[in-house]
Amino acid sequence: MRSDLLTRIRLASWIAVALALTSAGVFLLATRGPDIATAIGGAARFGGPFTLTSHTGLPFTERDLAGKPYALFFGFTHCPDVCPTTLLEMTHRLEELKTDADKLRVVFVTVDPEKDTATFLNDYMKSFDRRIIGLTGSPAQIAAVAKAYRAYYKKVPTATGDYTMDHTALVYLVDAKGAFAGTIAYQERDENQRAKLKRLVGG
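Residues numbered from 1 in each chain as written. Predicted model: local features only at pLDDT ≥ 70, side-chain atom pairs only at ≥ 80, totals over all residues. Heavy atoms only, no water.

Trainee: Help me out: how do you make sense of the packing of aromatic side chains in this one?
Mentor: Any two aromatic rings considered together are summarised by their centre-to-centre distance and by the angle between their planes. Counted under the stated rule, the structure contains seven aromatic pairs. With a centroid separation of 6.5 Å and an interplanar angle of 20°, the aromatic rings of Phe 50 and Phe 60 are classed as stacked. Placement of Phe 50 in the loop between α2 (33–40) and β1 (51–54) and of Phe 60 in strand β2 (residues 59–61) is noted, with a sequence separation of 10 residues between them. Comparing Phe 50 with Phe 60 shows no difference in burial state: the two are buried. Taken together, the aromatic side chains of Tyr 70, Phe 74, Tyr 149 and Tyr 172 make up a single cluster linked through ring pairs. Lying across the ring of Tyr 163, Lys 115 places its NZ or CZ 4.2 Å from the centre. (Phe/Tyr/Trp six-rings, centres within 6.5 Å; stacked < 30°, edge-to-face > 60°. Helix = DSSP H or I, 4+ residues; strand = E, 2+ residues; numbered from the N terminus. Buried < 20%, exposed > 50% of the residue type's maximum accessible area, 1.4 Å probe, protein only. Lys NZ or Arg CZ within 6 Å of the ring centre and 35° of its normal.)

This is the structure:
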């Protein structure tokens, strides 16, 4: 069932943006991951204060992440492939963790607040595990949280007169003390993802 949902999400988005992405030479930043991860690695603390809104419409700050390890991913709902694929993978990983999944928070932060309102994000998140938290906010709030996590994003105009978002395609892993604990790359091998998350939750 979830595979069907993913297919529908991909098709609906891809038709609108695929040609524009090709003509503009735009690629989501799966390849920027290692450089960013290396830059982060020396810092004991990771992240920082932020104030956003969850997909359920409730305030959400860095304090809501304190005390538990978490996996955090930046993306946008109109993303044709990377974002729904990553969210589906994290859905599978949570299912595989079973009871250990309650030890982990998984967070998806939009980099397209113009389109991704809390209401729109709430509908989108229904396609994935209910424990994954979608976050949005004002452009300034999104810029602040992206800076805190060393995430890159940029609005890129398309030939259709619309735009897409170029962004870092990594899942950031943070331990219960708030320290950077590694990354999961886009479409990294399932067994590697499982091993990293098990280490993160102490399983």
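So much for the structure itself; the text now carries on.
Trainee: Teacher, can you tell me more about helix α3 (residues 82–97) here?
Mentor: Working note: α-helix, 3.6 residues per turn, so residues spaced by three or four point in the same direction. Given a rise of 1.5 Å per residue, 16 residues ought to cover 22 Å, and the 22 Å separating the end C-alpha atoms of α3 matches this to within 8%. Counting buried residues in α3 gives 13 out of 16 residues, a clear majority hidden from the surface. Following α3 by one or two positions, Lys 98 adopts a phi angle in the positive range, close to 55°. (Expected span 1.5 Å × (residues − 1).)

Trainee: How do you make sense of the pattern of salt bridges when you look at a structure like this?
Mentor: Two side chains that carry opposite charge are able to pair once their charged atoms sit near each other. Taken as a whole and judged by the stated rule, the model has 11 salt bridges. A salt bridge links Glu 114 to Lys 155, with the nearest nitrogen and oxygen atoms 2.8 Å apart. Placement of Glu 114 in the loop between β4 (105–110) and α4 (118–125) and of Lys 155 in strand β6 (residues 153–157) is noted, with a sequence separation of 41 residues between them. Across the pair Glu 188 and Lys 196 runs a salt bridge, and its minimum N-O distance is 2.8 Å. We classify Lys 196 as partly exposed; its relative accessible area is 23%. Salt bridges here are not isolated pairs; linked through shared partners, they connect Arg 93, Glu 96, Asp 190 and Arg 194. (Salt bridge = Lys/Arg side-chain N within 4 Å of Asp/Glu carboxyl O.)

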